[in-house]
Amino acid sequence: MRTNSSYARRYIIQAVAMTVCLSAAAGIVGSLTQHLDSVLAPVAVSVAFTIVTAAATAMIWRRVADSQPEMLTTFFTSVSGFRMLAALFTLFICYLVVGREAMKPYIIIFMVFYLFSLAHHSLFFSHINNKK
């Protein structure tokens, strides 16, 4: 049987792999449309957000699962709310830095990364909870 630490590690590895694939896809689309320069910064912001939230989620999940497994449902609700607030804060900072006219690529690329990470989170932890 796997330990919670190995599940947390696997979650981070899968999140990094998903992020690399999404980054490559964004780079390919950007180069095909000859807008590679306009997607590099939004991809960098999205990658940083996805990796940081995935690592934080995995580490906190491991602690909660080890010490207070009865609190996992509260944890999942809290993570969803925190991720949404962090995403809004990240996009607000981008808005302050780049301005209104340059926000379209940030919003589109960020939302693709956000939705994929949300789907990964939901599928991964529902699979883990169904196993236990």
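Preceding this section is the structure that the text describes.
Remember, predicted model here, so these are calculated numbers, not experimental data.

Notes on the environment of alanine 24
Link 1 in the chain: One can find alanine 24 in helix H1 (residues 4–32).
Link 2 in the chain: Taking the C-alpha atoms as reference, alanine 24 lies 30 Å from arginine 62; in sequence the two are 38 residues apart.

What to know about the packing of helix H3 (residues 72–98) against helix H4 (residues 103–131)
In a pair of packed helices, the angle between the axes and the distance between the axes together describe the arrangement.
Link 1 in the chain: Across the interface, H3 lies against H4 with an axial gap of 11 Å and an inter-helix angle of 170 degrees. Between H3 and H4, the angle falls in the class roughly antiparallel. Along the contact surface, H3 presents Leu72, Phe76, Val79, Arg83, Met84, Ala87, Thr90, Leu91, Cys94, Tyr95 and Val98, while H4 presents Met103, Tyr106, Phe110, Met111, Tyr114, Ser117, Leu118, His121, Phe125 and Asn129.

Side note on the packing of helix H2 (residues 36–67) against H3
Link 1 in the chain: Look at H2 against H3: their axes get within 11 Å of each other, and the N-to-C directions meet at 160 degrees. Here H2 lies roughly antiparallel to H3, going by the angle between them. When you trace H2 past H3, the crossing you get is right-handed. In this structure, H2 contributes Val45, Phe49, Thr57, Ile60, Trp61, Val64 and Ala65 to the contact, and H3 contributes Leu72, Phe75, Phe76, Val79, Arg83, Ala86, Ala87, Thr90 and Cys94.

Observations regarding the environment of isoleucine 13
Link 1 in the chain: Within the secondary structure layout, isoleucine 13 lies in helix H1.
Link 2 in the chain: Placed 41 residues apart in sequence, isoleucine 13 and alanine 54 show a C-alpha to C-alpha distance of 9.4 Å.

A word on the layout of surface pockets
Taking a probe equal in size to a water molecule and rolling it over the atoms shows the remaining empty space.
Link 1 in the chain: Put simply, the largest pocket is a space of about 220 Å³.
Link 2 in the chain: Broken down by secondary-structure element, the contributors of at least two residues to the lining of the largest pocket are H1, H2 and H4.
Link 3 in the chain: The space that makes up the second largest pocket amounts to roughly 160 Å³.
Link 4 in the chain: In terms of lining, the second largest pocket is formed by Ala48, Phe49, Val52, Thr53, Ala56, Thr57, Ile60, Phe75, Ser78, Val79, Phe82 and Ala86.
Link 5 in the chain: Elements with a contribution of two residues or more to the lining of the second largest pocket: H2 and H3.
Link 6 in the chain: A total of 7 residues in the lining of the second largest pocket trace back to one element, the largest contributor, which is H2.
Link 7 in the chain: In terms of residue class, the lining of the second largest pocket is made up of 9 nonpolar, 3 polar and no charged.

Examining empty space enclosed by the protein
Link 1 in the chain: In this structure the tally under the stated criterion is 1 cavity of 30 Å³ or more.
Link 2 in the chain: Its volume calculated, the largest cavity comes out at about 50 Å³.
Link 3 in the chain: Broken down by secondary-structure element, the contributors of at least two residues to the lining of the largest cavity are H1, H2 and H4.
Link 4 in the chain: Of the residues assigned to the lining of the largest cavity, the class counts are 4 nonpolar, 4 polar and 1 charged.

Parameters and conventions
Residues numbered from 1 in each chain as written. Predicted model: local features only at pLDDT ≥ 70, side-chain atom pairs only at ≥ 80, totals over all residues. Heavy atoms only, no water. Helix = DSSP H or I, 4+ residues; strand = E, 2+ residues; numbered from the N terminus. Axes fitted to C-alpha atoms, helices over the stretch in contact; angles between N-to-C directions. Parallel < 35°, antiparallel > 145°, perpendicular 65-115°, else oblique. Contact = heavy atoms within 4.5 Å. Left-handed = near helix turned anticlockwise from the far one by under 90°. 1 Å grid on protein atoms, 1.4 Å probe; cavity = no way out; pocket = protein on both sides within 12 Å on 5 of 7 lines; lining within 4 Å. Points joined across faces, edges and corners; volume = space filled by probe spheres on them. Nonpolar A, V, L, I, M, F, W, Y, C, P; charged D, E, K, R; others polar.

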